[in-house]
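Working through the structure, step by step
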Amino acid sequence: MASIAAVLDNNSGISRRYGPGLVAVFVGGTSGIGESTARAFIRNTDAPRVYLIGRDQTRATEIIKESQQINPDSQITFIKSDISLLREVDSACRLIQQNENKVNILFLSPGISTVKGRDETEEGLDRKLSLHYYSRMRFLQNLLPQLVKGGETNKAAESKPPLSRVVSVLEAGGENALYLDDLSLKFHYSLRNCAKHAITMNSVSMEHLASHYPQISFIHSFPGIVRTRLNRDFGTAAKCAINALIVIAKPWEIPLKESGERHLYAATSPRFAPRAYSDSSTDAAQGSDGRNGSGSYRLSPNGSTYKPSKIMELYRADGVRSVIWDHTTGVFAQVLRKQNLEP
């Protein structure tokens, strides 16, 4: 468990530890936990370069104006994008890659709350499952070359450790059995199934990638109860029900600003070092399920790593990690073919 004092102490020392000029991409960075974490990153870093990706131009303009007053040396770019569509993910990534040869932090928190059933985008994917899983993994896949570069030691500043982290905010610890013959839920769709598929595939895919990219830390976090604007598209009755639940859960609520600080801690603390730089003699390197130097971490709201999960162990032993990642890249290729593009 990380106390809030330890979290703030870590965050205040980010520039001292890693140096100036860190590059961070916040997908879903114009609201909720993404916005809060982006603001914390800008407050605590020296001359950062930040990319906010979302749909709300007005909100982005406010965030940029307020953040640059706090940190005038920050460079903040807004990329307007409907990231439920993989083609728009690709366009956003191309814009980043035109300007950056490295990325230190890729922060993924886009999402939607809905009471609808399956809602297919024009690309044939369910909108909720795309936002919570496929689009996140497409950002990750596209920006892997820049993340690998961020994880390399800078010969000009060898006293500073490298930093390369991917943080996906969803519900680590809530993994459950999947329909392995229907991962996109064409035939078994329900909101519950959509949630468990997104959660489990996030954890499994990031553990799979950690085994191939030891320079990068892959973190799947559960933020706990945090009041955001995720229910903004609900009707009046649904909003009232959600607000009533929030009142009941008030004693367990984590303030939005604190959640941002805690997620910045996850993105920068030496506790969550990648496999290539971890010290397996310490708890800092235990990984998602307490496995030495895994480079993949599943975090609870207080920053603790979850204990071994039966389903994660089963899927690891049965080789399901590769099955899920192959499915994911296959979906990407299929969508690109439909758009008459090269996969």
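Residues numbered from 1 in each chain as written. Predicted model: local features only at pLDDT ≥ 70, side-chain atom pairs only at ≥ 80, totals over all residues. Heavy atoms only, no water.

In the annotation of an unreviewed UniProt entry, the chain is listed under the name Short-chain dehydrogenase/reductase and assigned to Aspergillus arachidicola.

1. Digging into the nonpolar core
Generally speaking, a soluble globular protein has its nonpolar side chains buried in company with each other. Stated formally: Side-chain atoms within 4.5 Å are what join buried Ala, Val, Leu, Ile, Met, Phe, Trp, Tyr and Cys residues into a set we call a nonpolar core. For every residue, the accessible area (1.4 Å probe, protein chains only) is compared with the maximum for its type, and the residue is labelled buried under 20%, exposed over 50%, or partly exposed between those bounds. Every helix listed is a DSSP run of H or I at least four residues long, and every strand listed is a run of E at least two residues long, numbered separately from the N terminus. We call two residues contacting when some pair of their heavy atoms lies within 4.5 Å.
In this structure, I53, L106, Y133, Y134, F139 and V166 are the most contacted members of the largest nonpolar core, which totals 53 residues. With 11 residues, helix 6 (residues 127-150) is the largest single contributor of residues to this core. Beyond its immediate sequence surroundings of up to four residues, Y134 is in contact with L86, L125, L129, L183, S184, M201, H327, T328, V331 and F332. Ranked by size, the runner-up nonpolar core spans 34 residues in total, among them A2, I42, V50 and V169.

2. Concerning the sheet that holds strand 3 (residues 75-80)
In any sheet, the strands associate via hydrogen bonds between backbone groups, in a parallel or an antiparallel arrangement. Worth spelling out the cut-off: Between any two strands, at least two bridges found by DSSP are needed for them to pair. Note on method: axes are straight lines fitted to C-alpha atoms, helices fitted across the in-contact stretch only, with angles between N-to-C directions ranging 0 to 180 degrees.
On the basis of which strands lie adjacent, the open sheet formed by 7 strands has the order 3-2-1-4-5-6-7 and parallel pairing. Edge strands, defined here as strands with exactly one partner in the open sheet, are strand 3 and strand 7 (296-299). Each adjacent strand pair in this sheet contributes to an overall mean axis angle of 15°, direction not counted. Where strand 5 (residues 165-169) and strand 6 (residues 217-221) come together, 5 bridges link them in parallel fashion. Within strand 6, the residue paired with S168 across the bridge is H220.

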